[in-house]
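Now for the letters of each chain:
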Amino acid sequence: RTVYVNGDYLPEADAKISIFDRGFLMADGVYEVTSVLDGKLIDFDGHAVRLERSLTELDMGMPMSRDDLLEIHRELVRLNEIDEGMIYLQITRGAPADRDFAFPDPEETAQTVVLFTQNKPGLADNPVAKQGIKVISIEDIRWGRRDIKTVQLLYPSMGKMMAKKAGADDAWMVEDGFVTEGTSNNAYIVKGNKIITRELSKDILHGITRAAVLRFAREAQMEVEERNFTIDEVKQADEAFITSASTFVMPVVAIDGTAIGDGVPGAKALRLREIYLEESR
Ligand code: PDD
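- Per an unreviewed UniProt entry, the protein goes by the name Probable branched-chain-amino-acid aminotransferase and belongs to Primorskyibacter flagellatus.
- Regarding the protein, the relevant UniProt record gives this comment under Cofactor (unreviewed entry): "pyridoxal 5'-phosphate".

Written out as structure tokens, the structure reads:
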């Protein structure tokens, strides 16, 4: 696989970054995951806008123009012959001479920019979407700026492991009695004609897939309600699903061992998946 590191396209084995990189030492960095379908980037602009916002919120700037970033994405898709898959992009505050809690002077320390591809044939036609996934609920103990897409993913990783241990696929996090989001996706329930999902705030990541799916839902005459919901409401819902760049729209069929609706993927979730895949290609 060919990867990108700070201006160079290299075989992955030759790609190196410093042990002093603040991404490595302090999780001082941000990332984006953009999906690729039919060799084309899905919603690149949305990801680029959010990236710029994440960087700005952490007093970092874009290391290059949006067009240059797009060019690197396209070049990696081409070099690795990706038809269906993902591109991972990470930008960290770079590698100053020493470990220090204070941010280094940006004039003296260049940011680290890394991109790599993940080939996932069958991503759109994922058989898991026909079965749906099972989730458990866990307490959301992450920090208070979940709207910034940082690389501090230890708790979401632990959540995923708790889910696996419980025989489920993923975890929905709960704060003050309300669902925030999934470990790496936004969370939704369906009640009648209503698609219900938490409103945007610092409590959740502002999903690029979420924005598109809510737009498609409205266009398909579904009602969209952006509000908090509880685990009890999930158990009473007709359907549930998640969205993310790597899963698109994925039905959720059970929570904490309780079947949601009929315990099979819901019609609205499947319809939204279909629309999303049609419209974003
Ligand atoms: N995760 N919420 C969280 C906590 C996420 O990590 C993600 C994305 C989302 C969905 O955002 P989007 O629709 O823009 O992908 C919501 C990516 C896919 C990941 O970490 O792999």
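**Regarding the pairing of strand E8 (residues 170–175)**
And then number 1: Inspection of the sheet shows strand E7 (residues 133–139) paired to E8 by five bridges, in the parallel sense. By the bridge assignment for E8, serine 137 is matched with tryptophan 172.
And then number 2: With respect to chirality, the unit in which E7 leads through helix H5 (residues 154–165) into the neighbouring parallel E8 is right-handed.
And then number 3: Alignment of E8 against strand E9 (residues 178–182), held across three bridges, turns out to be antiparallel. Across the sheet, residue glutamate 175 finds its bridge partner in E9, namely phenylalanine 178.
And then number 4: Counted between consecutive antiparallel strands, the loop separating E8 from E9 contains two residues, among which aspartate 176 sits at a positive phi close to 50 degrees.

**Details of the packing of helix H6 (residues 208–219) against helix H8 (residues 267–280)**
And then number 1: It is at 10 Å that the axes of H6 and H8 come closest, and there the two elements cross at 110 degrees. Taken together, H6 and H8 sit at an angle that is classed as roughly perpendicular. Where H6 abuts H8, its residues Ala212, Val213, Phe216 and Ala217 lie against Leu272, Ile275, Tyr276, Glu279 and Ser280.
And then number 2: Of the residues assigned to the contact of H6 with H8, the class counts are seven nonpolar, one polar and one charged.

Criteria and thresholds
Residues numbered from 1 in each chain as written. Predicted model: local features only at pLDDT ≥ 70, side-chain atom pairs only at ≥ 80, totals over all residues. UniProt positions renumbered as here; feature names shortened; annotations may be inferred. Pairing = 2+ DSSP bridges. Helix = DSSP H or I, 4+ residues; strand = E, 2+ residues; numbered from the N terminus. Right-handed = clockwise from strand over helix to strand, strands pointing away. Axes fitted to C-alpha atoms, helices over the stretch in contact; angles between N-to-C directions. Parallel < 35°, antiparallel > 145°, perpendicular 65-115°, else oblique. Contact = placed C-beta atoms within 7 Å. Nonpolar A, V, L, I, M, F, W, Y, C, P; charged D, E, K, R; others polar.

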